[in-house]
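# A structural walkthrough
Now for the letters of each chain:
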Amino acid sequence: MVPSLTDFGFVALVPENGFRWMSQADLEVRSVKRTTTRHAFVMVDQEPSDLGALLVNPKPKSNTVRRSPCEDRALFQEFASLDATNVDSLLAFSNEHGMLGFGTPVYCELTRPADALRCSESRDPITGETVGYLQAETHADWTHAIAKMRVAVSVLRAINAPGQAGEEKELTKLFSWQSIDVDQRYPDDRPGHWMVDTHPSLPIPNIKEFNREATDRIWGYVTHDILSEFETIQTVSKVWIADEINRHLNGKASPKIKLEGGGRIREYLQCSTLLAAMWSQVYSAFTGGKRYEQCKGCGKWFEVSNERGGRTVRAMYCGDACRVRSYRARRDQAATLAGEGLSAKEIVERFQSEGHEADLATVKKWVKPSTKRKGK
Ligand SMILES: [Zn+2]
């Protein structure tokens, strides 16, 4: 039986005192194993800055706090909206929800006892010398993962909000057909490829350089399967997102069954990393046609319930608390504006221009007592 893909299991263990960014110089890093290409090592004395600072657990033996980040069903949206250049916001995210789960191997000098370097003793995979070893996440790991999630979010918005020209236009900025001059000697060669490129104005990257994936540019073929030039951009983007979902969940998500009270069966998808857990949410959003909005009250992303749909007030706030708080704030603001001499009609216009729903009858009701008070 296929597990319900709206239920995800993932537990993050966050150190009591949090993670920390450390510079490669502070850790005396010799090499960092690339997470995306196996058997390849980046020697830091050649390319030290590309991968950036390292996110580490400064005290691996310290107490940890258990977190269940998947309870927030729109966590992937929050992740996509992170500013990758703001390392403090990335640290705050990891201290709340855990590391992404790259576990990038880092080899350091053993000039101090391994313990002081917060790492264990190991052998340098290239020279065989005794070195310090630890697992970390590079700033490049985070930058690239956020950039990719942003593309996924753009695709989801476009395919789950059909008919919105703006969303589809966003896709044409990301996906394009690149034709190739077919060599007459090989007439069966494909005439081109669908490409994804978040920075189409930049020159085509040098593959060797680009493979380090240290930038926020997402660039590559949409698929290795043949996809005709005449496919719609919607289909092309669906092929891309399905491929990325499969890639991110491969080996990192397993269906589980748990017997709960009364013999009730709970089916869920157990993820082994935070990144896989967030891509499971993308899976659910893609297959379930889900829509997400940012709360007008607190700015938090939330899944819009399909029950009502449309632009109801439920599609504007993450929950009752924000809805009530916003209602009160507008009521108070209406009184203030009325005190400044604005008519009820002008107040309604002001609210609507700020994206809030407002109707004249309600605003008149709000404004009345304050005018009375003024009269006394
Ligand atoms: Zn809210």
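Residues numbered from 1 in each chain as written. Predicted model: local features only at pLDDT ≥ 70, side-chain atom pairs only at ≥ 80, totals over all residues. Heavy atoms only, no water.

## Regarding the sheet that holds strand E11 (residues 175–179)
With antiparallel pairing, 3 strands are arranged side by side in an open sheet as E11-E12-E13. Each having just a single partner strand, E11 and strand E13 (219–221) make up the two edges of the open sheet. Between one strand axis and the next, the sheet turns through 30° on average, direction left out of account. Sheet topology places strand E12 (residues 192–197) next to E13; 3 bridges connect them, and they run antiparallel. The residue of E13 that forms the bridge with methionine 195 is tyrosine 221. Contacts between helix H6 (residues 233–249) and the sheet are confined to E11 and E12, with E11 contributing the most and set at about 100° to the helix. (Pairing = 2+ DSSP bridges. Helix = DSSP H or I, 4+ residues; strand = E, 2+ residues; numbered from the N terminus. Axes fitted to C-alpha atoms, helices over the stretch in contact; angles between N-to-C directions. Contact = heavy atoms within 4.5 Å.)

## A short note on the pairing of strand E16 (residues 291–294)
Sheet topology places E16 next to strand E17 (residues 301–304); 4 bridges connect them, and they run antiparallel. Of the residues in E17, the one forming a bridge with glutamine 294 is tryptophan 301.

## Side note on the confidence of the model for the protein chain
This prediction gives the protein chain a mean pLDDT of 82; 82% of its residues lie at or above 70. When the criterion is pLDDT under 50, residues 37–46 qualifies, and its contacts beyond four places in sequence or with other chains add up to 24 contacts. (pLDDT = per-residue confidence, 0-100.)

## Comments concerning the packing of aromatic side chains
Enumeration according to the criterion identifies 8 aromatic pairs in this entry. Centre to centre, the rings of tyrosine 107 and tyrosine 133 are 5.4 Å apart; their planes meet at 50°, and the pair counts as tilted. Here tyrosine 107 is found in strand E8 (residues 104–108), whereas its partner tyrosine 133 is found in strand E10 (residues 130–138), with 26 residues between them in sequence. Accessibility expressed as a relative area gives 10% for tyrosine 107, which makes it buried. In this structure tyrosine 133 comes out as partly exposed when scored by relative accessible area, which is 22%. (Phe/Tyr/Trp six-rings, centres within 6.5 Å; stacked < 30°, edge-to-face > 60°. Buried < 20%, exposed > 50% of the residue type's maximum accessible area, 1.4 Å probe, protein only.)

## Notes on the packing of helix H3 (residues 139–160) against helix H7 (residues 274–288)
The interhelical angle for the contact between H3 and H7, taken along N-to-C directions, is 10°, at an axis separation of 10 Å. In terms of orientation, H3 lies roughly parallel with respect to H7. Of H7, the residues touching H3 (which contributes Ala145, Lys148, Met149, Ala152, Leu156, Ile159 and Asn160) are Leu275, Met278, Trp279, Val282, Ala285 and Phe286. Counted by class, the contact of H3 with H7 contains 11 nonpolar, 1 polar and 1 charged residues. (Parallel < 35°, antiparallel > 145°, perpendicular 65-115°, else oblique. Nonpolar A, V, L, I, M, F, W, Y, C, P; charged D, E, K, R; others polar.)

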